[in-house]
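# Residue-level structural notes
Below, each chain spelled out in residue letters.
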Amino acid sequence: MPLTLYNSRTKKKELFLPLTPKQVKMYVCGVTVYDDCHLGHARSALVFDTIRRYLEYSGYQVTYVRNFTDVDDKILQRAQKEGIPWTQVTEKYIEAFYRDMGRLGIIPPTIEPRATHHIQDIVDMIAGLVEKGVAYEVEGDVYFEVRKFSQYGQLSGRNLEELLAGARVEVDHRKKDPMDFALWKSAKPEEPGWESPWGKGRPGWHIECSAMSIKHLGPTFDIHGGGKDLIFPHHENEVAQSCAYTGKEFARYWIHNGFVTIDQEKMSKSLGNFFTIREIFEKSSYSEIVTGECLRYYLLSTHYRSDINFSNQSIAEAKAALDNFYGLLQRLEEPSSKSEIGGDKDWETLCKDFTEKFTWAMDDDFNTPKALAAFNEFRGTINKLLGKGLSEKSRETILKTLKAYGKTLGLFQMTVSKWNSIVVRLGMAKSEESGLPIKGIVGPTNKWIEEQIQIRNEAREKKNFSTADRVRNELADQGIILEDRPDGTTRWKR
RNA sequence: GGCGCCGUACCCAAGUGGCUAAGGGAGCAGUCUGCAAAACUGCGAUUCAGCGGUUCGAACCCGCUCGGCGCCUCCA
């Protein structure tokens, strides 16, 4: 099945045909760097990371651009509040952003342009719009005249009359129309600014995305993405100014992800109901790498266009599901206790069934919940085959398949021992990279645990089950779970 | 007020006209085990918010009602 995706412009699933065969140009709106990012930002980044991974898996060469908005009123406010230079605010939160994305296993985009590095491109574009007569200057500010762009409202499915009827737009009498939006904002004496034909100022928010996407991807590119809250006015305005400027089609497919909600309400700064990525990791009782994968699994368990509700059991459920997969990986890695290899004759067709189901799901508008269902079914079938016995070669191939397909979702890539090492916070030491308290292994050492297991197994040998059970209970009290293997060995995990 | 989305089992969540309504979590029972754990097997929605309509046939299409949410102002 060929790849189809839902285009929010046409409100339909469409066959995906990139401008240039086997190449995809994709632009996604990034964050404004004035604070730590929350789960909502993480979802957007993760959704497009997954799309990027899957496109690459499908054989496309992807040029993925995601911007940083690093000059904005909010940044200036923050700087003032903290009494530090505004550039220090942006540097700090760009760094924090990288830290958080890294912990979620998000692959850095091909290009990560910053607005402040593209002032000239922005000024040129605004000048071009003024020249074409679709933008006008008032006292050092430049506005885009929406009436001059006949298709205004097409992306978000609204028209100017309806918008005006809403009448929630504050009226600025200097503008020709209340809906006109700022391309360039004049700077007050104490504010940062750049020289321009209209005096010292800074770019408006919408224009930077247009200027940077056109600069790095050309006037027309394949995919433009972002959270669904950006459809209006941000993306609508991008379309207007870009098309007016280039005279060409802008983005061909628009992809918008749903919100992360708390008690069914949109997670947002203004409502105050948000969890930052940072605090989720700090509060997690799992290791950083495990928490990252749990978050990823959780976020992938709902289709990207739907809203997803976050609660304190979300991570735990993902952990339980992932435990099953790492259990399977372990069984595939360790020597089989079976002498027969009854499963060998079936695994190839079963592998094929799985890969077909998986790609079918992903080709259908990146349906990750369906793809995860395929993984879970495959897990069941492999466990059954293991029961019948599998040769080392078969186990290796299956393992490779799991890892290869897992990679397109960013799952199942760590070693089983990393997965199983639960760590808790020590509190004192801080990580050099993240500045966060380091989590280290607390509790009994591996050596001690293995000694205890030895004692227990000797007791079992002598059928002294009360001693054996006492040892096991003591270990259980410390969170150590034992598993006796058919070959007489004992496996443990924290 | 305008535009739009959602309501599927205890929880999460696919499915949007036609075989028995995916999958995960939790739970219960069984096989295995000295007992456990893990794995496997079985159980779990005669039913998809409610009511009406279209159709040979609807969770899926249409209408209404109830409930929840979003955008229209910065927002992933």
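Attention here is on the structure that accompanies the text. (Residues numbered from 1 in each chain as written. Chains lettered and ligands numbered in written order. Predicted model: local features only at pLDDT ≥ 70, side-chain atom pairs only at ≥ 80, totals over all residues. Heavy atoms only, no water.)

### A few points about the sheet that holds strand S5 (residues 135-138)
- Pairing is antiparallel in the open sheet, where four strands are placed in the order S5-S6-S7-S8. Edge positions in the open sheet fall to S5 and strand S8 (201-203), since each of these has one partner strand only. For this sheet, the mean inter-axis angle between neighbouring strands, taken without regard to orientation, is 25°.
- Across four bridges, S5 lies against strand S6 (residues 141-144) in antiparallel orientation. Bridging from a neighbouring strand, Ala135 pairs with Phe144 of S6.
- Strands S5, S6, strand S7 (181-186) and S8 of the sheet are contacted by helix H4 (residues 119-131), whose axis makes an angle of about 120° with S7. (Pairing = 2+ DSSP bridges. Helix = DSSP H or I, 4+ residues; strand = E, 2+ residues; numbered from the N terminus. Axes fitted to C-alpha atoms, helices over the stretch in contact; angles between N-to-C directions. Contact = heavy atoms within 4.5 Å.)

### Quick look at the packing of helix H11 (residues 347-363) against helix H13 (residues 392-409)
- The geometry of H11 relative to H13 is characterised by a closest axis approach of 11 Å and an angle of 5° between their N-to-C directions. Viewed along their axes, H11 and H13 adopt a mutual orientation that is roughly parallel. Where H11 abuts H13, its residues Trp347, Cys351, Phe354, Thr355, Phe358, Thr359 and Met362 lie against Ser394, Thr397, Ile398, Thr401, Tyr405, Thr408 and Leu409.
- Looking at side-chain class alone, the contact of H11 with H13 contains eight nonpolar, six polar and no charged residues. (Parallel < 35°, antiparallel > 145°, perpendicular 65-115°, else oblique. Nonpolar A, V, L, I, M, F, W, Y, C, P; charged D, E, K, R; others polar.)

### Some details on the state of the cysteines
- Going through the model one piece at a time under the given rule, you end up with zero disulfides.
- Summary of cysteine pairing: Cys29 is not part of a disulfide, and the nearest cysteine sulfur, belonging to Cys209, is at 3.9 Å.
- Given the relative accessible area of 8%, Cys29 is considered buried.
- Here Cys243 stays unpaired: no disulfide links it, and the sulfur of Cys209, its closest cysteine neighbor, is 15 Å away.
- A relative accessible area of 17% means that Cys243 is categorised as buried. (Disulfide = S-S within 2.5 Å. Buried < 20%, exposed > 50% of the residue type's maximum accessible area, 1.4 Å probe, protein only.)

### Points about the pairing of strand S9 (residues 221-227)
- Most of S9 sits out of view: seven of its seven residues are buried.
- When strand S3 (residues 23-32) meets S9, the two strands line up parallel, connected through three bridges. Of the residues in S9, the one forming a bridge with Tyr27 is His224.
- In this view, the connection linking S9 to its parallel neighbour strand S10 (residues 251-257) by way of helix H7 (residues 231-246) has right-handed handedness. (Right-handed = clockwise from strand over helix to strand, strands pointing away.)

### A look at the nonpolar core
- One finds Leu39 and Phe144 to be the most contacted residues of the largest nonpolar core, which totals 132 residues.
- In contact with Leu39, other than residues within four places in its own chain, are Val260, Met267, Phe275, Ile277, Ile280, Leu295, Tyr298, Leu299 and Phe310.
- One finds Ile453, Val471, Leu475 and Ile480 within the second-largest nonpolar core, a separate group that totals six residues. (Core = buried A, V, L, I, M, F, W, Y, C linked by side-chain atoms within 4.5 Å.)

### Observations concerning the side chain of Asn457
- Of note, Asn457 is situated in helix H15 (residues 446-461).
- Of the polar contacts made by the side chain of Asn457, one reaches the side chain of Thr490; its length is 3.2 Å.
- Residues contacting Asn457, with those up to four places away along its chain left out, are Gly488 and Thr490. (Polar contact = N/O pair within 3.5 Å; in protein donor to acceptor, adjacent residues only side chain to side chain.)

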